[in-house]
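Below are the chains, spelled out letter by letter.
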Amino acid sequence: MSAIDTLFQQLRTAGRKAFMPFVTAGDPDLPFTAAVIRELFARGSSLCELGIPYSDPIADGPVIQASYTRALDRHVKVSDILEMVAGLRPSDLGPMVTMVSYAIIYRHGLEQYVHHAIDAGLSGAIVPDLPVEEAGPLAAVCRRSDFSLIQLITPTTPRERARRIAEQTTGFIYYVSVTGITGERTELPPEIVDNVAWLREQTDLPISIGFGISRPDHVRMLAPVADGLIVGSAIVRRIAEARGRPREEVLREIGDYVCELLAALEAER
Amino acid sequence: MPATSRVPDSAGRFGPFGGRYVPETLTRALEELTAQYEKAVADTSFQAELEHLYRNYVGRPSPLYYAERLSRRCGGARIYLKREDLNHTGAHKINNTLGQALLTVRMGKRRVIAETGAGQHGVATATACARFGLDCVVYMGEEDIRRQKPNVFSMRLLGAEVRPVTSGSRTLRDAVNDAFRDWMSSVETTHYCLGSVMGPHPFPRIVRDFQSVIGRETRRQCLEQVGRLPDVVVACVGGGSNAAGMFYPFVDDAEVALFGVEAGGRSAQPGQHAATISYGRPGILHGMYTYVLQDDDGQTSPVHSISAGLDYPGVGPEHSYWRETGRVTYTQATDAEALDAFDVVARAEGILPALESSHAVAKAMKLAAERKRDDVLVICLSGRGDKDAHEVARLRGQEFG
């Protein structure tokens, strides 16, 4: 059992839901990323998703894309990111996974990437450009190492295919709320609730919902059907807008924002 | 294993290359496109309509022209030019966009998006969309908009919206990224008309098939004019669509030597060229497993070429397959060699070749010189150079107009 399996089991027993923030590694630098992750866990997050900057992220909207560009402009390397993660001791904080392009994993070598990630204390990977047909080789490596390979299901995924993806997934299913790229939305499509409810009947895996979630009313809408909620661009945007301001102040603001969403999540228990 | 023309397989693999490395959101549209394409291929009315458009709208077949003065100048093989520059819109790109526009109509979609580098694919897409009454949005890097102003005007005149791409290198690669991002949100109503033999399955196959009209005609014309197949065929390779269309019908003819010419840029230093097969290695980019220019972390490398159409850090997966099997020899021409070749063709033949095609000419002139006088060498003159006149003048510090 990976740390992710244990986490969701504990949450289920307690009747609670996971709050799962996303942060870009190295934006604006790795020490700050480490401080943000500590703050996110300290405020009650269950799992942290760490974005590995990539030069050509086609599933990402302008906010995350720009954060990747900023990090890469400062030449952040995967090895530096893993070193930062190791320094955080995820076993003390909570499970962490990377959002990482298959271009990066392939270049490092599948075995190598997974083993280095495990050595750093990571529990899994979300690979947004690796559909189920192409996931076989990486899935085999992950299975051997008890490293979760979290796969995505979207509103455009046909139902038969969704079942197949669920069978191949470990850790949790990442349900993408919208047909589109990452980024905050004012409103989310109401059919998510029914789609996730259907998916729930097909699998015992935890289901986390991401893309577009940024407001307490989103949390209230989705918490009843989800095991976890993922919030990315709203946090990355706050970091981008805070440039030049005292870091303590920015950390507190991010923490307060997370608390606001967590309160909405706890209210749905 | 020798190369075969019976690729890709049902997973979109050319040997180990190709595949479909895209976000889950796009997979249903790619499945639908694959299914529609299979149906279209089997449908004689689709083929007849495309054939009709090629003949009466594009002006096909394009001539295979014996370039006598150019041949004499090189002092070796007889050089023939496959005149894709004479097509409607001035390049080979229209062969593909008309085919994809027909597929768009069959799928019941009303909106088309495209990426463009030199602007040739953008103009060809805008043209096909105007012809079929489809809405058209073209993503183009800011840097390329500057280099290729006449094509930007043409696209707008044809009713397309040109969206400047300001991220990254502001060239073709970033235009591809933005087109994919648009498609992530619009996939239910929009077709992405990809402009080269690249990207996720089924694009490399579809674009190759539509462009193969170039090689099929060349084969027939060469048999008619010379009485046999050519000895050497040369084409430039960026993403690689004119080359794939030219080479594919010759793949099983072992006696025909095939040469792909990449953009050698200023030098072999990283960032100074766009010679992906020459200097790259297999990796993942834009939905495909193929040769790419990447650093050790998997980040895409910057590229440079004098020609906006070759300025791309990847290459179609079938080219990677042809390289691995040894069926095609990949080589390169520098910016300076391409500019010289541009001049030579202009003055010897009265033809302004596109800077992209000038790379093929530069290498072909050398190959021809090494050959016997009765050898036959065909160059795919993939587009006309009018669009480059401004840029050539700028590079030489000359005033234009």
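Keep in mind that this is a model prediction, so the values were computed, not measured. (Residues numbered from 1 in each chain as written. Chains lettered and ligands numbered in written order. Predicted model: local features only at pLDDT ≥ 70, side-chain atom pairs only at ≥ 80, totals over all residues. Heavy atoms only, no water.)

A. Spotlight on the overall build of chain A. Along chain A, the regular secondary structure elements total 13 helices and 9 strands. With the principal axes as the frame, chain A shows a C-alpha extent of 45 × 40 × 35 Å. Across the 269 residues in chain A, those meeting the buried criterion constitute 61%. Contacts in chain A between residues at least 24 apart in sequence constitute 73% of all its contacts with a sequence separation of at least 6. Total accessible area on chain A stands at roughly 10,200 Å², and carbon and sulfur atoms take up 49% of it. Chain A carries 27 positive and 35 negative side-chain charges, and their two centres are separated by 1 Å. (Helix = DSSP H or I, 4+ residues; strand = E, 2+ residues; numbered from the N terminus. Buried < 20%, exposed > 50% of the residue type's maximum accessible area, 1.4 Å probe, protein only. Contact = heavy atoms within 4.5 Å. Areas by Shrake-Rupley, 256 points an atom, 1.4 Å probe, with all protein chains shown as cover. Lys, Arg positive; Asp, Glu negative; His and termini not counted. Charge placed at Lys NZ, Arg CZ, Asp CG, Glu CD.)

B. Spatial organisation of the interface of chain A and chain B. Taken residue by residue, the interface counts 36 residues in chain A and 35 residues in chain B. Between chain A and chain B, the buried area comes to about 3,000 Å², and carbon and sulfur atoms account for 49% of it. The partner of E134 of chain A in a salt bridge is R13 of chain B, and the shortest N-O contact between them spans 2.5 Å. Taken together, chain A and chain B are joined by 25 residue pairs in polar contact (both at pLDDT 80 or more). Looking at the side of chain A that touches chain B, the elements that each hand over two or more residues are α3 (62–73), α6 (102–108), β6 (152–153) and α9 (159–168) of chain A. Here the residues of the side of chain A that touches chain B are counted per class, giving 20 nonpolar, 8 polar and 8 charged. (Buried area = accessible area lost by both parts, 1.4 Å probe. Salt bridge = Lys/Arg side-chain N within 4 Å of Asp/Glu carboxyl O. Polar contact = N/O pair within 3.5 Å; in protein donor to acceptor, adjacent residues only side chain to side chain. Nonpolar A, V, L, I, M, F, W, Y, C, P; charged D, E, K, R; others polar.)

C. Layout of the packing of helix α7 (residues 110–120) of chain A against helix α8 (residues 136–144) of chain A. Residues and elements named next belong to chain A. The geometry of α7 relative to α8 is characterised by a closest axis approach of 10 Å and an angle of 35° between their N-to-C directions. The handedness of the crossing between α7 and α8 is right-handed. Between α7 and α8, the contacting residues are L110, E111 and V114 on the first element and P137, L138, V141, C142 and R144 on the second. Its residues assigned to classes, the contact of α7 with α8 comprises 6 nonpolar, no polar and 2 charged. (Axes fitted to C-alpha atoms, helices over the stretch in contact; angles between N-to-C directions. Left-handed = near helix turned anticlockwise from the far one by under 90°.)

D. Molecular detail of the packing of aromatic side chains. Residue and element names in this part refer to chain B. By the definition in use, this model includes 15 aromatic pairs over all chains. Residues F46 and F210 carry aromatic rings whose centres are separated by 6.4 Å and whose planes lie at 35° to one another, so their mutual orientation is tilted. With F46 in helix α2 (residues 44–58) and F210 in helix α9 (residues 203–211), this residue pair connects regions lying 164 residues apart in the sequence. Relative accessible area serves as the criterion here: at 4%, F210 is assigned to the buried category. Cation over ring: R131 sits above F132, and NZ or CZ is 4.9 Å from the ring centre. (Phe/Tyr/Trp six-rings, centres within 6.5 Å; stacked < 30°, edge-to-face > 60°. Lys NZ or Arg CZ within 6 Å of the ring centre and 35° of its normal.)

E. Geometry of the pairing of strand β12 (residues 288–292) of chain B. Residues and elements named next belong to chain B. Of all 5 residues making up β12, 5 are buried, and the element is well covered by its neighbours. Here 5 bridges tie strand β11 (residues 281–285) to β12, and the two strands are oriented antiparallel to one another. Counterpart to L285 in the pairing with β12 is M288. Here β11 folds back onto β12 in antiparallel fashion, the turn holding 2 residues, of which H286 has a positive phi close to 50°. (Pairing = 2+ DSSP bridges.)

F. Inspection of the sheet that holds strand β14 (residues 376–381) of chain B at higher detail. Residues and elements named next belong to chain B. In spatial order, the strands read β3-β4-β14-β9-β10-β13; together these 6 strands make up an open sheet with mixed pairing. Pairing within the sheet leaves two strands with one partner each, and these edge strands are β3 (64–66) and β13 (328–334). Here the strands of the sheet are splayed against their neighbours by 30° on average, with no regard to which way each runs. The pairing of strand β4 (residues 78–83) with β14 spans 6 bridges and is parallel. By the bridge assignment for β14, K82 is matched with C380. Packed onto the sheet, helix α10 (residues 213–226) meets β3, β4 and β14 and runs at close to 140° relative to β4.

G. Structural context of the packing of α3 of chain A against helix α12 (residues 233–241) of chain A. Residue and element names in this part refer to chain A. Axis separation between α3 and α12 bottoms out at 9 Å; the angle between their running directions is 50°. It follows from the interaxial angle that α3 and α12 lie oblique. Relative to α12, the crossing made by α3 is left-handed. Between α3 and α12, the residues in contact are V63, I64, S67 and R70 and S233, V236, R237 and A240, respectively. (Parallel < 35°, antiparallel > 145°, perpendicular 65-115°, else oblique.)

H. Representation of the side chain of R181 of chain B within the structure. Relative to the elements of secondary structure, R181 of chain B occurs in helix α8 (residues 172–186). Polar side-chain contacts of R181 of chain B include one of 3.3 Å to the side chain of Q65 of chain A. Within the structure, R181 of chain B has its side chain in polar contact with the side chain of D178 of chain B (distance 2.7 Å). Setting aside residues up to four positions removed in sequence, R181 of chain B forms contacts with P57, I58, D60, Q65 and I181 of chain A together with S167 of chain B.

I. Focus on helix α7 (residues 149–157) of chain B. All names here are of chain B. Regarding α7, the residues found buried are N151, V152 and M155. Projected onto a plane normal to the axis of α7, the buried residues spread over an arc of 105° and lie on a single side. Of the exposed residues in α7, those oriented more than 90 degrees away from the buried face are F153 and L157. At its buried positions, α7 is contacted by β5 (111–116), α5 (120–132), β6 (135–141), α6 (142–147) and β7 (161–165). (Arc of directions from axis to C-beta.)

J. Structural detail: the layout of surface pockets. Its volume calculated, the largest pocket comes out at about 790 Å³. Forming the boundary of the largest pocket are 40 residues, of which S169, R173, T300, S301 and P302 of chain B lie nearest the centre. When residues of the lining of the largest pocket are traced back to their parent elements, those giving at least two are α3 of chain A together with α6, α8 and α16 (389–395) of chain B. Residue contributions to the lining of the largest pocket peak at 5 residues, all from α3 of chain A. Along the lines of polarity and charge, the residues of the lining of the largest pocket split into 10 nonpolar, 14 polar and 16 charged. (1 Å grid on protein atoms, 1.4 Å probe; cavity = no way out; pocket = protein on both sides within 12 Å on 5 of 7 lines; lining within 4 Å. Points joined across faces, edges and corners; volume = space filled by probe spheres on them.)

K. Looking closely at empty space enclosed by the protein. Inspection of the entire model under this criterion finds 7 cavities of 30 Å³ or more. Counted as a void, the largest cavity has a volume near 340 Å³. Around the largest cavity, the lining is made up of 30 residues, and of these H92, K93, G309, L310 and E356 of chain B lie nearest the centre. Of all the secondary-structure elements, those providing two or more residues to the lining of the largest cavity are β5, α5, α11 (241–247) and α15 (355–369) of chain B. Here the lining of the largest cavity is built from residues that sort into 9 nonpolar, 17 polar and 4 charged. A volume near 190 Å³ is recorded for the second largest cavity. Around the second largest cavity, the lining is made up of 19 residues, and of these Y54, D56, P57, S101 and D129 of chain A lie nearest the centre.

L. Geometry of the environment of E370 of chain B. The residue E370 of chain B is located in the loop between α15 and β14 in this model. Owing to a relative accessible area of 64%, E370 of chain B belongs among the exposed residues under this scheme.

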